[in-house]
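Structural overview for review
In case you want the letters, here they are:
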Amino acid sequence: MKYENEMKIEFSSKSQNESFARVVIASFAAQLDPTLEELSDIKTAVSEAVTNAIIHGYEEYDGQVYMYCKITDNKVYIEIKDFGKGIGDIDKAREPLFTSKPELERSGMGFTVMETFMDEVEVESKVGVGSKIIMRKKLESLEKL
C-alpha cells in the first residue's frame, strides 16, 4: 500500500518558532508511527534548518520561514525555505565548525547535524534572494504500511 500526505506552513522568523517547527514536524510524522529515533532525527534536522533560516537568513530583521513536508512511498521529504540574505559560499557553509556568527557562540555544525540525521540534504541558495534546504529520510517504519 502506498501512503501519501503533505503539509505546508509558514511562520515568523522568531527564535521561539524553532520549537514550534519541531512540534509541527513531529505531529505530522507521527501519523506514520516512526520509531522514537526516526522522529528525533527528523525533529533535530528541522530544528537546525529553521534555526539557520532565522539566525543567518534573516539576521536582525523579520521575515517568514516556510516549511513543506511530503510523505510518499517510504520517504519523508522536507523543505525549509527563507527569503533572507542567502548563502554566499554553500560549500564553505557546509564545512563542519564553520560559522558566520562566532560572536553568537554558534557551533558551525548545523549542516553536519542535518546530514548526520537525514539520508539526503540539498542546499539551494542565492545571495539576496534566500535559501532552501531540502532533506529526505527513508523511514523503516513505513515499510509496515
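Residues numbered from 1 in each chain as written. Predicted model: local features only at pLDDT ≥ 70, side-chain atom pairs only at ≥ 80, totals over all residues. Heavy atoms only, no water.

Points about the overall build of the protein
Looking only at helices and strands, one finds four helices and five strands in the protein. Relative to its full complement of 145 residues, the protein shows a buried share of 45%. In the protein, the share of contacts with a sequence separation of at least 24, taken over all contacts with a separation of at least 6, comes to 67%. By element, 50% of the accessible surface of the protein is carried by carbon and sulfur atoms, the whole surface being about 7,800 Å². (Helix = DSSP H or I, 4+ residues; strand = E, 2+ residues; numbered from the N terminus. Buried < 20%, exposed > 50% of the residue type's maximum accessible area, 1.4 Å probe, protein only. Contact = heavy atoms within 4.5 Å. Areas by Shrake-Rupley, 256 points an atom, 1.4 Å probe, with all protein chains shown as cover.)

Observations concerning the sheet that holds strand S1 (residues 4–12)
Think of a sheet as strands paired side by side through backbone hydrogen bonds, with each pair either parallel or antiparallel. Taking strand neighbours across the sheet as the criterion, the five strands line up as S1-S2-S3-S5-S4 in an open arrangement whose pairing is antiparallel. Taken across any chain shown, the strands that pair with only one partner, and hence form the sheet edges, are S1 and strand S4 (120–126). Strand after strand, the sheet turns through a mean of 10 degrees between neighbouring axes, direction not considered. Here S1 runs beside strand S2 (residues 64–72); their pairing, made up of nine bridges, is antiparallel. Along S2, the bridge assignment pairs Met 7 with Cys 69. (Pairing = 2+ DSSP bridges. Axes fitted to C-alpha atoms, helices over the stretch in contact; angles between N-to-C directions.)

Some details on unusual backbone geometry
As a rule of thumb, non-glycine residues mostly have phi less than zero, and peptide bonds are mostly trans rather than cis. Of note in the backbone geometry, Asp 33 takes a positive phi value of approximately 55 degrees without being a glycine. In this structure, Asp 33 sits in the loop between helix H1 (17–30) and helix H2 (36–57).

Focus on the pattern of salt bridges
Under the defined criterion, the tally for this structure stands at six salt bridges. Across the salt bridge formed by Lys 137 and Asp 41, the nearest N and O atoms sit 3.3 Å from each other. Note that Lys 137 is positioned in strand S5 (residues 130–138) and Asp 41 in helix H2, a separation of 96 residues in sequence. Relative accessible area serves as the criterion here: at 10%, Lys 137 is assigned to the buried category. Using a relative accessible area of 10% as the deciding quantity, one classes Asp 41 as buried. We note a salt bridge from Arg 136 to Glu 120, for which the minimum N-O separation is 3.4 Å. Of this pair, Arg 136 sits in strand S5 while Glu 120 sits in strand S4; the two residues are 16 residues apart in sequence, bridging distant segments of the chain. Overlapping salt bridges, with partners in common, bring together Lys 75, Glu 120, Glu 122 and Arg 136 in one network. (Salt bridge = Lys/Arg side-chain N within 4 Å of Asp/Glu carboxyl O.)

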